[in-house]
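The primary structure of each chain is shown beneath.
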Amino acid sequence: GQYCFYIFLLGANGILEAFMHGVMTPRELSRSNAWLVLFSVLHIGASATLVVHLGATGLVMANCLNMVLRIAYACSYVAIFFDGASVLLEALPSWEVALMCGLFGTGSYIGKSVYMTGTISLGPESLAFVALGAVLFSSLMGAIFVKEKHSFMQIRQLRKKVE
């Protein structure tokens, strides 16, 4: 579970840092690198502490902490770059889509504990779990398309300009 959250954080951090490093001046890059050194020191301390108490899970949690710090720094830079945080809020999904992600994630977790109780096999339980996942995923994609239609239209317009 923690690793899935870490993957999400890696993606968010990658996008933000790519933008940041693409538009920063050399002076801003130097300041950013100083912050990254500080975050690395904090990461080493968190890793050493959490691994002792939580094992591999502690290492993943330390990595998550590092990513959260880096994302917070990048978000503050983006907000300053665009004269306000509204651009960051516009990039977030609608509250309905976020709620559905949470509900469907919970549904798949419950489905896992109901259908995947023993060894993994290709029996009816596994097929029911896969079917549940397909229904939840399809429903979520439909909801995203309906609630975020403007984003899809913007992507389509950008693609037409490129072609």
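Before reading further, recall that the structure is shown in the block above.
Calculation notes
- Residues numbered from 1 in each chain as written.
- Predicted model: local features only at pLDDT ≥ 70, side-chain atom pairs only at ≥ 80, totals over all residues.
- Heavy atoms only, no water.
- Helix = DSSP H or I, 4+ residues; strand = E, 2+ residues; numbered from the N terminus.
- Rg over C-alpha atoms; globule rule 2.2 N^0.38 Å.
- Patch = residues over 30% accessible without salt bridge, like charges linked within 9 Å, V, L, I, M, F, W, Y side chains within 5 Å.
- Areas by Shrake-Rupley, 256 points an atom, 1.4 Å probe, with all protein chains shown as cover.
- Salt bridge = Lys/Arg side-chain N within 4 Å of Asp/Glu carboxyl O.
- Contact = heavy atoms within 4.5 Å.
- 1 Å grid on protein atoms, 1.4 Å probe; cavity = no way out; pocket = protein on both sides within 12 Å on 5 of 7 lines; lining within 4 Å.
- Points joined across faces, edges and corners; volume = space filled by probe spheres on them.
- Core = buried A, V, L, I, M, F, W, Y, C linked by side-chain atoms within 4.5 Å.
- Buried < 20%, exposed > 50% of the residue type's maximum accessible area, 1.4 Å probe, protein only.
- Axes fitted to C-alpha atoms, helices over the stretch in contact; angles between N-to-C directions.
- Parallel < 35°, antiparallel > 145°, perpendicular 65-115°, else oblique.
- Left-handed = near helix turned anticlockwise from the far one by under 90°.
- Nonpolar A, V, L, I, M, F, W, Y, C, P; charged D, E, K, R; others polar.

A. The arrangement of the overall build of the protein in detail. Counting its regular elements, the protein contains seven helices and zero strands. What you see in the protein, going N to C, is helices and strands ordered as α-α-α-α-α-α-α. Here the C-alpha atoms of the protein give a radius of gyration of 20 Å, more than 25% beyond the 15 Å that 2.2 N^0.38 yields for 163 residues. Seen along its three principal axes, the alpha-carbon backbone of the protein occupies a region of about 60 × 50 × 30 Å.

B. Just a nonpolar patch on the surface, in detail. Together, Tyr3, Ile7 and Leu10 make up a nonpolar patch on the protein surface, roughly 280 Å² of accessible area in all. Within the fold, Tyr3 resides in helix α1 (residues 2-23).

C. Examining the environment of Phe19 more closely. Along the chain, the position of Phe19 falls in helix α1. Residues Phe19 and Val78, spaced 59 residues apart in sequence, show a C-alpha to C-alpha distance of 8.5 Å. Sequence-distant contacts of Phe19, defined by excluding residues within four places in its chain, comprise Val78, Phe81 and Phe82.

D. Main features of the environment of Ser32. With respect to the element layout, Ser32 can be found in helix α2 (residues 26-54). Between the C-alpha atoms of Ser32 and Glu96, which are 64 residues apart in sequence, the distance is 35 Å. The contacts of Ser32, once residues within four sequence positions are left out, are Met20, His21, Met24 and Tyr73.

E. Seen up close, the side chain of Asn13. As for its placement among the helices and strands, Asn13 is situated in helix α1. When residues no more than four places from it in sequence are discounted, the contact partners of Asn13 are Met67, Arg70 and Ile71.

F. Representation of the layout of surface pockets. Of the volumes computed, that of the largest pocket is approximately 560 Å³. Forming the walls of the largest pocket are 17 residues, and the residues nearest its centre are Ala12, Leu16, Leu88, Ala91 and Leu92. Every element with two or more residues in the lining of the largest pocket is listed here: α1, α3 (56-81) and α4 (86-91). Within this model, the second largest pocket holds a volume of roughly 210 Å³. Lining the second largest pocket, in full, are Glu90, Ala91, Leu92, Pro93, Ser94, Ile144, Lys147, Glu148, His150, Ser151 and Phe152. For the lining of the second largest pocket, the elements supplying multiple residues, two or more each, are α4, α6 (124-147) and α7 (149-162). Among the elements that line the lining of the second largest pocket, the one with the most residues is α7, at three residues.

G. Spatial organisation of the nonpolar core. If you look at the biggest cluster of nonpolar residues, it comprises 15 residues, and the most contacted ones within it are Tyr6, Leu9, Leu16, Met20, Met24, Cys64 and Tyr73. Mapped by element, the contributors of at least two residues to this core are α1, α2 and α3. Looking at which element gives the most residues to this core, the answer is α3, with eight residues.

H. How the structure looks around the packing of α2 against α3. Between α2 and α3, the least distance of the axes is 8 Å, while the angle of their chain directions is 160 degrees. The orientation of α2 with respect to α3, classified from their angle, is roughly antiparallel. Note that α2 runs across α3; the crossing there is right-handed. Here the residues of the contact of α2 with α3 are counted per class, giving 16 nonpolar, seven polar and three charged.

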